[in-house]
Amino acid sequence: MRKSIFFNNQIDDIKNLTEVVEEIGNELNMNPGEIFNFNLILEEALTNIIFYGYDHEAQDKIEVMVNHDNDSLSVEIIDSAKPFDITTREQGAHSGLTEDTQVGGLGILLIKKLSKSINYKRENGKNHLIINI
Amino acid sequence: MFDVKRVTIKKFELLEISGKLITAEAYKLEEKVEKIFADSNALNFIFDLRNLEYCSSYGLRTFIKTKKDLKLYDGKVILFSPSDNFNKLLELAGLEKFFIIENNWNNIIKVLSE
């Protein structure tokens, strides 16, 4: 499977993300837990881009490319927001959160913990975030 | 996408949250809880999560914020019967011991009748 989905860089535009993910998950015979993880990874990644990547009123289309080959599932998120390399952020993977941790950091932590691997590149003025699930 | 049913019992606000708590709508729950917190004399909140199907980090923030707010007044937050996925979310966030989690409704009844 190779499928591209486009979202406007507005938080209201990803309201239907759960339905989109469920449809893909069912097509790939994912169990409910796997669909939950997939949904969470995508929502947290898109939320970070939409909330923190753009100047006020900047308009963009964010592409989410889903690739499934045999047992391997990955998503590539492509956007024209400010450069942001999630892989270099200290927040995440190693330690638990305190109650004072900011929510933006919580999203990154969840993506890192739920993914098999994450890669980032900046190409032709676009961020490419590749997440293996 | 989500719904809230509210019951006030003595010192407790019992809020049943159902559906999907997505980022785009999490602020609505936060506003609702803040309003209840401002209007109510209750200092203890029970969130009934039996029918909460999905929750993002922004949804989780509402529960964290409510606990922080109530802590100032010696109040408490109890999460009732969260799903396995919600428990996993708490674990991933390192917050599994941050909340009181109760899975037995009889114990909730006992707490409510104190």
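Residues numbered from 1 in each chain as written. Chains lettered and ligands numbered in written order. Predicted model: local features only at pLDDT ≥ 70, side-chain atom pairs only at ≥ 80, totals over all residues.

### So, the confidence of the model for chain A
Basically, it comes down to this: What pLDDT reports is the predictor's confidence in each residue, on a scale of 0 through 100. By the convention adopted here, residues make contact when the C-beta atoms placed from their backbones lie within 7 Å.
Of the residues in chain A, 89% reach a pLDDT of 70 or more, and the chain-wide mean stands at 90. This model gives residues 92-97 of chain A a pLDDT under 50, and the stretch forms 11 contacts once residues within four places in sequence are excluded.

### Considering the packing of helix 1 (residues 17-27) of chain A against helix 2 (residues 32-52) of chain A
Residue and element names in this part refer to chain A. Note the following rule: To get an axis, fit a line to the C-alpha atoms, keeping to the stretch in contact for a helix; angles then go from 0 to 180 degrees between the N-to-C directions. In DSSP terms, a helix is any run of H or I states spanning at least four residues, a strand is any run of E spanning at least two, and both are numbered starting from the N terminus. Note on angle classes: values under 35 degrees are labelled roughly parallel, values over 145 roughly antiparallel, values of 65 to 115 roughly perpendicular, and the remainder oblique. By the definition used in this description, the sense in which the near helix is turned from the far one sets the handedness, with an anticlockwise turn below a right angle giving left-handed and a clockwise turn giving right-handed. Side-chain classes are defined by residue name, with Ala, Val, Leu, Ile, Met, Phe, Trp, Tyr, Cys and Pro counting as nonpolar, Asp, Glu, Lys and Arg as charged, and the others, Gly among them, as polar.
Interaxial distance between helix 1 and helix 2 falls to 10 Å at its minimum, and their mutual angle equals 135°. It follows from the interaxial angle that helix 1 and helix 2 lie oblique. Pair helix 1 / helix 2 crosses with right-handed handedness. Residues Leu17, Thr18, Val21, Glu22 and Gly25 of helix 1 touch helix 2, and the partners they reach there are Glu34, Ile35, Phe38, Asn39, Leu42 and Glu43. Residue composition of the contact of helix 1 with helix 2, by class: 5 nonpolar, 3 polar and 3 charged.

### Remarks on the interface of chain A and chain B
Across the boundary between the two partners, chain A contributes 22 residues, which contact 17 residues of chain B. Elements with a minimum of two residues in the side of chain A that touches chain B: helix 2 and helix 3 (103-114) of chain A. Among the residues forming the side of chain A that touches chain B, the class breakdown is 10 nonpolar, 6 polar and 6 charged.

### A short note on the packing of helix 1 (residues 23-39) of chain B against helix 2 (residues 57-71) of chain B
Residue and element names in this part refer to chain B. At a minimum axis distance of 8 Å, the contact between helix 1 and helix 2 shows a crossing angle of 20°. The angle between helix 1 and helix 2 falls in the class roughly parallel. In terms of crossing hand, the pair formed by helix 1 and helix 2 is right-handed. Residues Thr23, Ala26, Leu29, Glu30, Val33 and Phe37 of helix 1 touch helix 2, and the partners they reach there are Tyr58, Gly59, Arg61, Thr62, Lys65, Thr66 and Asp69. Within the contact of helix 1 with helix 2, the residues separate by chemical class into 5 nonpolar, 4 polar and 4 charged.

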